[in-house]
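Here is what each chain is made of, one letter per residue.
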Amino acid sequence: MAALGWLTPRRRSATARSVLAGEASAEAARKSSQEATEVSETAEPEFPVLGDEKAAAFFDLDNTVMQGAALFHFGRGLYKRKFFETRDLAKFAWQQAWFRLAGVEDPEHMQEARDSALSIVQGHRVAELQSIGEEIYDEYMAERIWPGTRALAQAHLDAGQKVWLVTAAPVEIATVIARRLGLTGALGTVAESVDGVYTGKLVGEPLHGPAKAEAVRALAAAEGLDLSRCAAYSDSHNDIPMLSLVGHPYAINPDTKLRKHARKLDWRLRDYRTGRKAAKVGIPAAAGVGAVAGGTAAAIALHRRRR
């Protein structure tokens, strides 16, 4: 048995060097754990915050939630229903094509579109246009919703927050779109009606630029929201007043001026028009899937135009 003594582990007392090595290893492990905790604590918190009843999200519509302008798609649907003549359709088509290619809201084009729409609906009943709006959404708008932006809105809904569309489009159209997307509601331009019939005039002015910011401010006050905990999303520099109101501004498919402004202020950026990637800080993972889908749709549309 003595011959097998070499198989038995020997007990050796720790030397000063081994003690030092052990202590150094323990200190390194403790320091590493502490640094990991500090990184976790300083990292950006999860957003949107689950169950935050003081928070909500406000989404611009045209070129943010939907490709192109809702008003132009609506005009296309009205033409199909003989609300106006071919020469008016040509104007709508040109304005829509320009908007899609430029990706920028031109005040003159938008004003012409609003004037055209008001003259077209004058004398028609509000209930009639609301019903037609449901049909037009299915025909021309549903397939133009950006999946990525839709995912962002859904993230807020899943967190228990209210989500509102804020748009210069007629409130009747905006309300239909909001309902079909499962959103809370919509703020939009209000056309005057008497006894349920459109007069061809607006109540006040179009909900555009600073007017959007005022609408969001008023709604936040009525709903008891804390704007510093809210988020806003838009593609246009015209909506900088609205984006500046909230604690979480997002530039979605931004025009040149908004992109520059967002980068200067370190706002979050997301672009679903192409396959290129923008800043992803604070963007829910689900939006990444939408970016791919949005980029694919844009590529297909471009291919069709070139043929």
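Residues numbered from 1 in each chain as written. Predicted model: local features only at pLDDT ≥ 70, side-chain atom pairs only at ≥ 80, totals over all residues. Heavy atoms only, no water.

Enquirer: How should the overall build of the protein chain be read in this particular structure?
Expert: Helix and strand counts for the protein chain come out as 11 helices and 8 strands. Looking at the protein chain residue by residue over its 307 residues, the buried ones come to 45%. Surface exposure of the protein chain reaches about 16600 Å², of which carbon and sulfur atoms provide 55%. (Helix = DSSP H or I, 4+ residues; strand = E, 2+ residues; numbered from the N terminus. Buried < 20%, exposed > 50% of the residue type's maximum accessible area, 1.4 Å probe, protein only. Areas by Shrake-Rupley, 256 points an atom, 1.4 Å probe, with all protein chains shown as cover.)

Enquirer: When you look at the nonpolar core in this model, what are you seeing that I'm missing?
Expert: One broad trend across soluble globular proteins is that nonpolar side chains are buried collectively. Judged by nonpolar contacts, the single largest core of 44 residues is most densely connected at Phe-59, Leu-78, Met-141, Leu-165, Ile-177 and Tyr-233. Sort the elements by how many residues they give to this core and helix α5 (residues 126-141) lands first, with 7 residues. If we skip the residues at most four places from it in the chain, Tyr-233 touches Phe-47, Ala-57, Phe-58, Phe-59, Asp-60, Thr-64, Leu-152, His-156, Met-242, Leu-243, Tyr-250 and Ile-252. Within the second largest apolar cluster, 26 residues are counted, among which are Val-216, Leu-219, Ala-232 and Leu-258. (Core = buried A, V, L, I, M, F, W, Y, C linked by side-chain atoms within 4.5 Å. Contact = heavy atoms within 4.5 Å.)

Enquirer: Where do I start with the packing of α5 against helix α7 (residues 171-180) in this structure?
Expert: For any two helices packed against each other, one specifies the crossing angle of their axes together with the interaxial distance. Where α5 contacts α7, the two axes come as close as 9 Å, and the packing angle between them is 50 degrees. The angle between the axes of α5 and α7 places the two elements in the oblique class. Every pair of crossing elements has a handedness; the one defined by α5 and α7 is right-handed. The segment α5 lies against α7, with Val-126, Gln-130, Gly-133, Glu-134, Tyr-137, Asp-138 and Met-141 engaging Glu-172, Ile-173, Val-176, Ile-177, Arg-179 and Arg-180. Each residue belonging to the contact of α5 with α7 can be placed in one class, and the counts come to 6 nonpolar, 2 polar and 5 charged. (Axes fitted to C-alpha atoms, helices over the stretch in contact; angles between N-to-C directions. Parallel < 35°, antiparallel > 145°, perpendicular 65-115°, else oblique. Left-handed = near helix turned anticlockwise from the far one by under 90°. Nonpolar A, V, L, I, M, F, W, Y, C, P; charged D, E, K, R; others polar.)

Enquirer: How should helix α6 (residues 147-158) be read in this particular structure?
Expert: Given 3.6 residues per turn, any residue in an α-helix points the same way as the ones three and four places further on. For α6, which comprises 12 residues, the first-to-last C-alpha distance of 16 Å matches the rise-based estimate of 16 Å (1.5 Å per residue) to within 8%. Count one or two residues on from α6 and you reach Gly-160, which has phi positive near 85 degrees. (Expected span 1.5 Å × (residues − 1).)

Enquirer: For this particular structure, what's the right way to read the sheet that holds strand β3 (residues 185-189)?
Expert: Two orientations exist for strands paired in a sheet by backbone hydrogen bonds: parallel and antiparallel. Overall, parallel pairing links the 6 strands, which are arranged β3-β2-β1-β6-β7-β8 in an open sheet. Across the chains shown, the open sheet's two edge strands, defined by having one partner strand only, are β3 and β8 (268-270). Averaged over neighbouring strand pairs, the angle between their axes works out to 20 degrees when direction is ignored. The strands touched by α6 within the sheet are β1 (56-59), β2 (162-170), β6 (231-234) and β7 (248-252), with β1 carrying the most contacts at an inclination of about 160 degrees. (Pairing = 2+ DSSP bridges.)

Enquirer: Is there a simple way to explain the pattern of salt bridges in this structure?
Expert: Side chains that carry opposite charge are capable of pairing whenever their charged atoms lie near each other. Enumeration according to the criterion identifies 15 salt bridges in this entry. As a salt-bridge pair, Arg-229 and Asp-226 come within 3.7 Å of each other at their nearest N and O atoms. One salt-bridge network, held together by shared partners, links Lys-80, Arg-81, Glu-135 and Glu-139. (Salt bridge = Lys/Arg side-chain N within 4 Å of Asp/Glu carboxyl O.)

Enquirer: Teacher, can you tell me more about helix α2 (residues 70-80) here?
Expert: Of all 11 residues in α2, 8 are buried, a share of seventy percent or more. Residues Ala-70, Leu-71, Phe-72, His-73, Phe-74, Gly-75, Gly-77 and Leu-78 constitute the buried set of α2. Directly after α2, the chain includes Lys-82, whose backbone phi takes a positive value near 65 degrees.

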